[in-house]
Amino acid sequence: TRNEANFTVTMNFPRQELMYAPSEAIWVDRESRLVTTSASDSAQEVTAWLADPGLVAGDSYQVRAMIANPSIEELRAAGTTYPEWVTDRYLQIPKEIDRQLGTLAERIAGPYITPYDKTQAITAYLRKEIKYTTRVIESPPSFEDQLVWMLFEYKKGFCMYSASAEVLMLRTLGIPARMALCRAALWPSP
């Protein structure tokens, strides 16, 4: 079930074309264009929404969207039947880190049954084990993947590190995942 909701977005950046909106936007009060990729023979996936002309600091726009607000019970009951275009696109993992991330993800989420509970377990693990920092001062050894180094050794990073780690660990468990805006996804603002 989805409910219609209205949003106002005000830009704080000096200049920007990218527009922010909930995933099922149905109307915006500003001229814009969509960047899409083919999701299937009959559907397009929106990958970016660009203001035309661009926005400047202080500009506002209105968005109307259909918002889903499922309960935890509904999320647990959602199942694991995903469209082919989703599994083709959102289960990819670099081979060189697949085994390490998969082993860790299975250790964390192994006791759980549903994708929802597995996701919650991995999120909780990252929040507990990875310290949020706005700067990564050190560098991994030249032969080591930066994400693997952060996750297993350095144990510090900003939102992109943890969001990337979560996406890839979920994918190793067969849960399609992608990264969107991540700043508040795993930690509150510093």
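A few points on the structure. Everything numeric in this text was worked out from a predicted model, so none of it was measured. (Residues numbered from 1 in each chain as written. Predicted model: local features only at pLDDT ≥ 70, side-chain atom pairs only at ≥ 80, totals over all residues. Heavy atoms only, no water.)

**Examining the sheet that holds strand 4 (residues 32–38)**
Judged by pairing direction, the sheet is antiparallel, and its three strands sit side by side in the order 2-5-4 without closing on themselves. One side of each edge strand has no neighbouring strand; the edge strands of this open sheet are strand 2 (15–18) and strand 4. Direction aside, neighbouring strands of the sheet carry axes that sit 25° apart on average. In terms of strand pairing, strand 4 meets strand 5 (residues 44–56) through seven bridges, oriented antiparallel. Looking across to strand 5, one finds that Thr 37 is bridged to Glu 45. (Pairing = 2+ DSSP bridges. Helix = DSSP H or I, 4+ residues; strand = E, 2+ residues; numbered from the N terminus. Axes fitted to C-alpha atoms, helices over the stretch in contact; angles between N-to-C directions.)

**A few points about the packing of helix 3 (residues 95–109) against helix 5 (residues 146–154)**
The interhelical angle for the contact between helix 3 and helix 5, taken along N-to-C directions, is 35°, at an axis separation of 11 Å. Every pair of crossing elements has a handedness; the one defined by helix 3 and helix 5 is left-handed. Counted together, Ile 97, Gln 100, Leu 101 and Leu 104 of helix 3 and Val 148, Leu 151 and Phe 152 of helix 5 form the full contact between these two elements. Here the residues of the contact of helix 3 with helix 5 sort into six nonpolar, one polar and no charged. (Left-handed = near helix turned anticlockwise from the far one by under 90°. Contact = heavy atoms within 4.5 Å. Nonpolar A, V, L, I, M, F, W, Y, C, P; charged D, E, K, R; others polar.)

**A closer look at the pairing of strand 6 (residues 60–68)**
Inspection of the sheet shows strand 1 (residues 2–10) paired to strand 6 by nine bridges, in the antiparallel sense. Its bridge partner being in strand 6, Thr 8 is matched across the sheet by Gln 62. Relative to strand 6, strand 3 (residues 25–28) is paired through three bridges, and the arrangement is antiparallel. Note that in strand 6 the partner of Val 28 across the bridge is Val 63.

**What to know about the packing of aromatic side chains**
Following the criterion strictly, the structure yields two aromatic pairs and no others. With 4.4 Å between their ring centres and 15° between their planes, Trp 149 and Tyr 154 make a pair best called stacked. For the residue pair Trp 149 and Tyr 154, the accessibility class agrees, reading buried in each case. Both rings, one in Phe 158 and one in Tyr 161, keep their centres 4.8 Å apart while their planes meet at 70°; by these two values the pair is edge-to-face. On the basis of relative accessibility, which here comes to 14%, the residue Tyr 161 falls in the buried class. Cation over ring: Arg 64 sits above Trp 27, and NZ or CZ is 4.5 Å from the ring centre. (Phe/Tyr/Trp six-rings, centres within 6.5 Å; stacked < 30°, edge-to-face > 60°. Buried < 20%, exposed > 50% of the residue type's maximum accessible area, 1.4 Å probe, protein only. Lys NZ or Arg CZ within 6 Å of the ring centre and 35° of its normal.)

**Describing helix 6 (residues 159–172)**
For helix 6, with 14 residues, the first-to-last C-alpha span of 20 Å sits near the 20 Å given by 1.5 Å per residue. Most of helix 6 is tucked away: 11 of the 14 residues are buried. Of all the positions in helix 6, only Cys 159, Tyr 161, Ser 162, Ala 163, Ala 165, Glu 166, Val 167, Leu 168, Met 169, Leu 170 and Arg 171 are classed as buried. Just downstream of helix 6 lies Gly 174, where phi reads positive at about 85°. (Expected span 1.5 Å × (residues − 1).)

**Overview of the pattern of salt bridges**
This model, assessed by the stated rule, comprises three salt bridges. Of the charged contacts, one joins Glu 4 and Arg 64 as a salt bridge, the two residues approaching to 3.5 Å between their closest N and O atoms. Of this pair, Glu 4 sits in strand 1 while Arg 64 sits in strand 6, and the two are 60 residues apart along the sequence. Judged by relative accessible area, Glu 4 falls into the exposed class, the value being 52%. Given the relative accessible area of 26%, Arg 64 is considered partly exposed. (Salt bridge = Lys/Arg side-chain N within 4 Å of Asp/Glu carboxyl O.)

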